[in-house]
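# Structural characterization, general
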Amino acid sequence: MLDTTRTTGPVPGAIAGLVATAAALAAAEAVSVLLSRPGASLVLAVGDTVVDLTPLPLKQFAVDTFGTADKFALFVGMGAVLAVMAAVLGAIAGRRRWIGHTGIAVFATVGLAAALTRPDSGALDVVPTLVGAAVCAAVLLWLMRTAASGPTEQAGDDSPPQPGFDRRRFALVAGAVAAASAGVGTTARSFAGSAAELSRSDITLPRPAFPAAPLPDGVDLEIDGLAPFLTPNEDFYRIDTALSVPRVDAAAWSLRIHGLGARERVYTFADLLARSDLTERDITLACVSNPVGGDYVGNARWIGVPLAALLEEAGVRSPRDGGRADQLVSRSEDGMTIGTPVADVMDGRDALLAVGMNGRPLPHEHGFPARMVVPGLYGYVSACKWIVDIELTTFDAFDAYWVPRGWSAHGPVKTQSRIDTPRGNSTVGAGRVAVAGVAWAQHTGIDQVEIRVDGGDWQPVTLAAEDTADTWRQWVFDWVAEPGDHELTVRATDRRSRTQTADPAPPAPDGATGHHTIEVTVV
Ligand SMILES: Nc1nc2c(c(=O)[nH]1)N[C@H]1C(S)=C(S)[C@@H](COP(=O)(O)O)O[C@H]1N2
Ligand SMILES: [Mo]
């Protein structure tokens, strides 16, 4: 016999499903913050797992389509899928309660699996999911009861038995739970970063023992539309797999160096700041996924400890001096692994364990409290942010994160150049037009940049002063623009006489090639 007082219509059922899911997520967030394990956030754990399981072409599509908003797009997508499932399950569960319970159990299992398979997970990470599931079940039951109780309002209706219920009471309860969930969820997320924020705002960077030379006059042409020579921190591109920026507490942080041919050493943040070899250098960082003409490249003044010095303290020798380890694997707080050639780090270049960026402690987005920066190597093989561990090993023994995903184990930066102004597809007035941009060949240096108009001869441009071989170089070309549609192409030649190839190649597996070409209309 059907007990009509215990069934709920599809619409209130769907609402109950949505509200119960929101309450579950908020409760899980709050518990993960209370446990001081923001990494155990259910939403983030599931999101991170989705990122890791996403096939490479889809990831590339996401980056191409959404750019640095790819993470936001992922959350919106996940949220939409979850909302639809919650609503549908809730609507069905109004009739068949067991569907609701099974749904919660399935979601909890997925959540537990995601939480426990994160690289940095521990047993405590099950708690937020379990609490979330319990809250979900309780809210669902409560709302379903509310929607099933009360006097019948519409008698003599032809539609399937739809018991009437106190709509106002249901709306009040559902609205109150939804509002409370939103409040708890937002508060929890903002608390997640407060300890780390305190530790960052407390820091005063010491004066580096080896400051960078003052910028030579004329490194920055200061032309409208041209990327400034030093990229301000807030404009610096950000590329990483972290869905929420890791907020690391510097006071609790340490870096371990160990592995093949190394005596284990551990450094605290205070150890790094107290060192007598703090070094300041200008280094241009580039992402391997930067398309030709793209802006996943930036130049900053970094302060850090020479990585080679730290390795030497651990007794590490370069493979060129008979050391057994040829790969340095850095691991981050959030489980990223990045593999760098030991020979490059120890060949005398200014490879840094950086703690400062443009005079400030590293922004959280850029790896606070410490990250690597190695001139001449793409970020994915060198620039580990939120670094916690450096292991000496071999390229034969270990593949870092991006390698099984189709990217090359070695990633030296390819010489590139870009036109910043005029913008592609823009309209400019006839006469003298300053065509300007940047060119980079880190650790080699830029020797020459040339421009070609409408497929004509290559013409040399005026290069700005050079800071160091590890930084990009601005350039400008004085173009006498005639009315009509025109095509401008740039190419650079580095100090090893390598001129950029015209052959286009995509970013994968080891960096894009081809010439940056733009169309402009002159009127
Ligand atoms: N922990 C961590 N470090 C990381 C990454 C990451 O995903 N996780 N991405 C790398 C890549 S691909 C690049 S290009 C640089 C980008 O550094 P930025 O975000 O400070 O510009 O960080 C590198 N370090
Ligand atoms: Mo990158």
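Computed from a predicted model, the values in this text were never measured in an experiment.

About the thresholds
Residues numbered from 1 in each chain as written. Chains lettered and ligands numbered in written order. Predicted model: local features only at pLDDT ≥ 70, side-chain atom pairs only at ≥ 80, totals over all residues. Heavy atoms only, no water. Salt bridge = Lys/Arg side-chain N within 4 Å of Asp/Glu carboxyl O. Helix = DSSP H or I, 4+ residues; strand = E, 2+ residues; numbered from the N terminus. Buried < 20%, exposed > 50% of the residue type's maximum accessible area, 1.4 Å probe, protein only. Near = heavy atom within 4 Å. Polar contact = N/O pair within 3.5 Å; in protein donor to acceptor, adjacent residues only side chain to side chain. Areas by Shrake-Rupley, 256 points an atom, 1.4 Å probe, with all protein chains shown as cover. Pairing = 2+ DSSP bridges. Axes fitted to C-alpha atoms, helices over the stretch in contact; angles between N-to-C directions. pLDDT = per-residue confidence, 0-100. Contact = heavy atoms within 4.5 Å. Patch = residues over 30% accessible without salt bridge, like charges linked within 9 Å, V, L, I, M, F, W, Y side chains within 5 Å. Phe/Tyr/Trp six-rings, centres within 6.5 Å; stacked < 30°, edge-to-face > 60°. Parallel < 35°, antiparallel > 145°, perpendicular 65-115°, else oblique. Left-handed = near helix turned anticlockwise from the far one by under 90°. Nonpolar A, V, L, I, M, F, W, Y, C, P; charged D, E, K, R; others polar.

## As for the pattern of salt bridges
Under the counting rule described, the total for this entry stands at 19 salt bridges. The salt bridge partner of K385 is D240, with a shortest N-O separation of 2.8 Å. In this pair, K385 is assigned in the loop between β9 (371-373) and β10 (387-393) and D240 in the loop between α8 (194-201) and β1 (254-259), connecting sequence segments 145 residues apart. Accessibility classification places K385 together with D240 in one group, the buried group.

## A closer look at the site of ligand 1
Around ligand 1, 20 residues are found, and the nearest of them are Y237, T241, H366, R371 and K385. Backbone polar atom of I239 to an oxygen atom of ligand 1: 3.0 Å apart, as the coordinates give it. Within the contact set of ligand 1, an oxygen atom lies 2.6 Å away from a side-chain nitrogen or oxygen of H366. Compared with its free state, where it exposes 530 Å², ligand 1 has 98% of that area covered by protein.

## Points about the sheet that holds strand β5 (residues 327-332)
Strand order in the open sheet made by the five strands is β2-β1-β10-β5-β6, with mixed pairing throughout. Every interior strand has two partners, whereas the edge strands, β2 (265-268) and β6 (337-341), have only one. The mean angle between the axes of side-by-side strands here comes to 20°, regardless of whether they run parallel or antiparallel. As defined by bridge partners, β5 adjoins β6 across five bridges and the pair is classed as antiparallel. Residue pairing for β6: R331 is matched across the bridge by T337.

## Remarks on the confidence of the model for the chain
Summarising the model, the chain shows a mean pLDDT of 90, and 92% of its residues fall at 70 or more. Contacts of residues 1-5 to residues separated by more than four positions or lying in other chains number five contacts, the stretch itself having pLDDT below 50. Every residue in residues 150-159 scores below 50 in pLDDT, and together they form eight contacts with partners more than four places removed in sequence or on other chains.

## Regarding a nonpolar patch on the surface
Side chains of L58, F61 and F66 sit close together on the surface and give an oily, nonpolar patch of about 310 Å² of accessible area. The topology assignment puts F66 in helix α3 (residues 56-66). For F66, a relative accessible area of 40% gives the class partly exposed.

## So, the packing of aromatic side chains
Following the criterion strictly, the structure yields nine aromatic pairs and no others. With 6.5 Å between their ring centres and 80° between their planes, W402 and W407 make a pair best called edge-to-face.

## A few points about unusual backbone geometry
P369 follows F368 through a cis peptide bond whose omega is 5°. If you trace the backbone, P369 turns up in the loop between β8 (360-361) and β9. Following T421, the chain continues to P422 via a peptide bond in cis, the omega torsion being 0°. With respect to the element layout, P422 can be found in the loop between β11 (416-421) and β12 (426-428). The phi torsion at N425 lies on the positive side, around 65°, for a residue other than glycine. Looking at the element boundaries, N425 is found in the loop between β11 and β12.

## As for the side chain of T444
Assignment of secondary structure puts T444 in the loop between β13 (431-440) and β14 (446-453). By relative accessible area, which is 13% here, T444 ends up buried. Setting aside chain neighbours within four positions, we find T444 in contact with A469, D494, R495, R496 and R498.

## A short note on the environment of H366
Relative to the helices and strands, H366 resides in the loop between β8 and β9. Taking the C-alpha atoms as reference points, H366 and A383, separated by 17 residues in sequence, lie 9.7 Å from one another. Setting aside anything within four residues of it in sequence, one finds H366 in contact with N233, F236, Y237, R238, M357, R371 and K385.

## As for the sheet that holds strand β17 (residues 473-481)
Read from one edge of the open sheet, four strands run β11-β13-β17-β16, paired in antiparallel fashion. Two strands bound the open sheet, and with one partner strand each, they are β11 and β16 (462-463). Note that β13 and β17 share nine bridges and pair antiparallel. In the sheet register, A439 faces β17, and the bridge partner there is R473.

## Examining the environment of R317
Summarising the element assignment, R317 is placed in the loop between α10 (307-313) and β5. Separated by 56 residues in sequence, R317 and G261 place their C-alpha atoms 7.7 Å apart. Those residues in contact with R317, other than ones at most four positions away along the chain, are G322, G323, V342 and M346. Within the local environment of R317, its side chain forms a polar contact with the backbone oxygen of D321, the two atoms lying 2.9 Å apart.

## A short note on the packing of helix α1 (residues 10-34) against helix α6 (residues 126-148)
In a pair of packed helices, the angle between the axes and the distance between the axes together describe the arrangement. It is the contact of α1 with α6, at a shortest axis distance of 7 Å, that shows an interaxial angle of 150°. With respect to each other, α1 and α6 are oriented roughly antiparallel. Regarding α1 and α6, the two cross each other, and that crossing is right-handed.

## Topic: the packing of helix α5 (residues 97-116) against α6
Their axes nearest at 9 Å, the elements α5 and α6 cross at an angle of 165°. Put simply, α5 runs roughly antiparallel to α6. By crossing handedness, the relation of α5 to α6 is classed as right-handed. In contact with R97, G100, I104, A108, G111, L112 and L116 of α5, α6 contributes V126, T129, L130, A133, C136, A137, L140 and M144. Its residues assigned to classes, the contact of α5 with α6 comprises eleven nonpolar, three polar and one charged.

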